[in-house]
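Close look at the chain arrangement
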Amino acid sequence: DLARQFVSYLYRHIRERNVPEIHVMINSSFPKLSERYFKASAWPSPEAVAALVDHDHVFMLLYKELYYRHIYRQPAPLIEHRVASWANYQALFGVILHGNPNMFLPPSWLFSMIDEFAYQFQSFQHYRAKDASSRSDEETAVLAQAQQENVWNPSHVLNYLQALVDKSEVVEKLKRANATGRGDASVLENAHISNVLPLLGYYSLVGLCRVHCLLGDFHSALDVLSPIHLSRPGYYVRVPASHASVLYHAGFAYMASRRYVDAIRCLSGACVAVSRARVGFRGTPSTLEALLKRAEQSYALLACCLALVPRWEAVDQAVATTLKTDVWATRMSRLEGGEEGLFDE
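These remarks concern the structure in this document. Here the structure is a predicted model, which is why all the values come from computation and not from measurement.

**Description of the overall build of the protein chain**
- Check the secondary structure of the protein chain and you find 17 helices and zero strands.
- Its C-alpha atoms give the protein chain a radius of gyration of 21 Å, near enough to 20 Å, the size a compact globule of 345 residues would have.
- Taken along its principal axes, the extent of the C-alpha atoms in the protein chain is 65 × 60 × 40 Å.
- Of all 345 residues assigned to the protein chain, the portion counted as buried reaches 48%.
- Residue pairs in contact within the protein chain that sit at least 24 positions apart in sequence constitute 71% of those at least 6 positions apart.

What follows is the structure, given as C-alpha cells:
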C-alpha cells in the first residue's frame, strides 16, 4: 500500500543522501498521506514496517519520530504513547550524540525534530497537570511510573538539548564566525559526512530558548540565543518555522523581562517572517496553519508591548498597518485605554 511505499522510498532516499526528495516526502507526502488515510488512526506500527528497511536501527528511530509525531496530532495521545515517544527521542539523540550518523537530512526536518521535542515536553506537562479524577487507575499508575523514571522531566529535556549544542560545538563555531564576519553557514564546517549533528546543535539553541520560556527562565532564554545575531539574517531564517519561532520566543522573553523595545523589534520580525513565508507557500495546510497561529500570537504580544511603550518606529510598516486596521485596531484602542483584562487574554 501507499504507506509501505512511502517507508521504502524514504529509506532509499536517506541511504542515497537525496536531500531534495527527502524534503518533499517529509514536508508534502507524509502530511498528505496522513490527512487522507490516517486522519483518525496511527500509521503502520514500527514493527509492521521494519522488514521493509532491513530492520535498520537508525532509520526505525527516524520512522518512530514521524510515527509518534502523527499520534500527537490526534485529539488525545495515550500516556503509553507519551512514554514511548520520550524513549524514542532518548534513543535517537543517543545515536546522534554517541555514534557517527552517516546521513544528510533536510534542515526543515531537523528543526522540526527539536521543535516537536519541545512541543511534546509542553504537552506532557499540560497532561500531567490535568484533574487526576479524570484518569483511570491504570493511567494513574503508568503516569506515576513515568514520573519516577523522569519521563519528560524538565532537567532531562534541557540536558539533551544542551548536549546537542555542546557536542556540535555550535557556540564555538558561531563565535568564530562572528569574530571573522562570516555568516551562520559556518555551523556546517566539516559537515561533509553528515549535517545532522551540526544542525541539530544549531536548532537546539532555538529549542532551549523555547523550553526556558516555558519554564519562566527568561534570562536563560535570551542568554542561550546570544551566539545568534538576531539583528541580521542567519541560518535560522532558512526554515520559516525556525525563523518565526526564534523571533517569537526571543520577543516573549524580552517582553517578560520588560525590555519592551527589543521585544517590539523581535515580534515585528516574527510577523514579517510569517508574511514572507506565505508568499508562494508550498507546504501543507497544517504547516501553514501553525505559521499563522505563530503570527497571531506575535501580533497579540506586539500589541501589548506597543500599548505599554508606543515605539511604532521599531515596527515594520506593513505590520503597523495591520495593527491599525480591522480587528487589531479595536484591540489596540482597548489596550491603550488601559483595559487590563485584555492583556490577560
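Moving on from the coordinates now.
**Some details on the environment of Y37**
- Mapped onto the fold, Y37 is located in helix α2 (residues 19-37).
- Considering only alpha carbons, one finds Y37 and F121, 84 residues apart in sequence, at a separation of 27 Å.
- A distance of 3.5 Å separates polar atoms of two side chains, one belonging to Y37 and the other to R36.

**Here we look at the pattern of salt bridges**
- Evaluated as defined, the whole model comprises eight salt bridges.
- Here D115 and R210 are joined by a salt bridge, their closest N and O atoms 2.8 Å apart. Within this pair, whereas D115 is found in helix α6 (residues 107-128), its partner R210 is found in helix α10 (residues 196-215), the two being separated by 95 residues in sequence.
- Taking relative accessible area as the criterion, D115 reaches 23% and is therefore assigned partly exposed.
- R210 sits in the buried class, given a relative accessible area of 8%.
- D262 is the salt-bridge partner of R265, the closest N and O atoms lying 3.6 Å from each other. Taken together, the residues span about one helical turn, with R265 and D262 both in helix α13 (residues 260-278) at a distance of three residues.
- Beyond isolated ion pairs, a larger network of salt bridges with shared partners links R259, D262 and R265.

**Quick word on the nonpolar core**
- Counting residues in each nonpolar core, the largest one holds 108 residues, and the members touching the most others are L105 and W152.
- Considering every element that reaches this core, the biggest residue donor is α10, with twelve residues.
- Beyond its immediate chain neighbours, meaning those up to four positions away, L105 contacts I14, V19, I22, L62, L110, M113, N195 and V196.

**Some details on α10**
- With 20 residues, α10 should cover 28 Å at 1.5 Å per step; its first-to-last C-alpha distance of 27 Å lies within 8% of that length.
- Burial within α10 is extensive, with 18 of its 20 residues counted as buried.
- Within two residues after α10, G216 carries a phi angle of roughly 80°, on the positive side.

**Observations regarding the packing of aromatic side chains**
- Throughout the structure, instances matching the rule amount to 24 aromatic pairs.
- Here the aromatic rings of Y67 and Y68 are separated by 5.1 Å at their centres, their planes lie at 80°, and the arrangement is edge-to-face. Comparing Y67 with Y68 shows no difference in burial state: the two are buried.
- Put simply, the rings of W86, Y89, F93, F117, W152 and Y160 pair up and form one aromatic cluster.
- One cation-aromatic arrangement involves R135 over Y127; the distance from NZ or CZ to the ring centre is 5.0 Å.
- Here the basic side chain of R331 rests over the ring of W328, its NZ or CZ set 4.5 Å away from the ring centre.

Parameters at a glance
- Residues numbered from 1 in each chain as written.
- Predicted model: local features only at pLDDT ≥ 70, side-chain atom pairs only at ≥ 80, totals over all residues.
- Heavy atoms only, no water.
- Helix = DSSP H or I, 4+ residues; strand = E, 2+ residues; numbered from the N terminus.
- Rg over C-alpha atoms; globule rule 2.2 N^0.38 Å.
- Buried < 20%, exposed > 50% of the residue type's maximum accessible area, 1.4 Å probe, protein only.
- Contact = heavy atoms within 4.5 Å.
- Polar contact = N/O pair within 3.5 Å; in protein donor to acceptor, adjacent residues only side chain to side chain.
- Salt bridge = Lys/Arg side-chain N within 4 Å of Asp/Glu carboxyl O.
- Core = buried A, V, L, I, M, F, W, Y, C linked by side-chain atoms within 4.5 Å.
- Expected span 1.5 Å × (residues − 1).
- Phe/Tyr/Trp six-rings, centres within 6.5 Å; stacked < 30°, edge-to-face > 60°.
- Lys NZ or Arg CZ within 6 Å of the ring centre and 35° of its normal.

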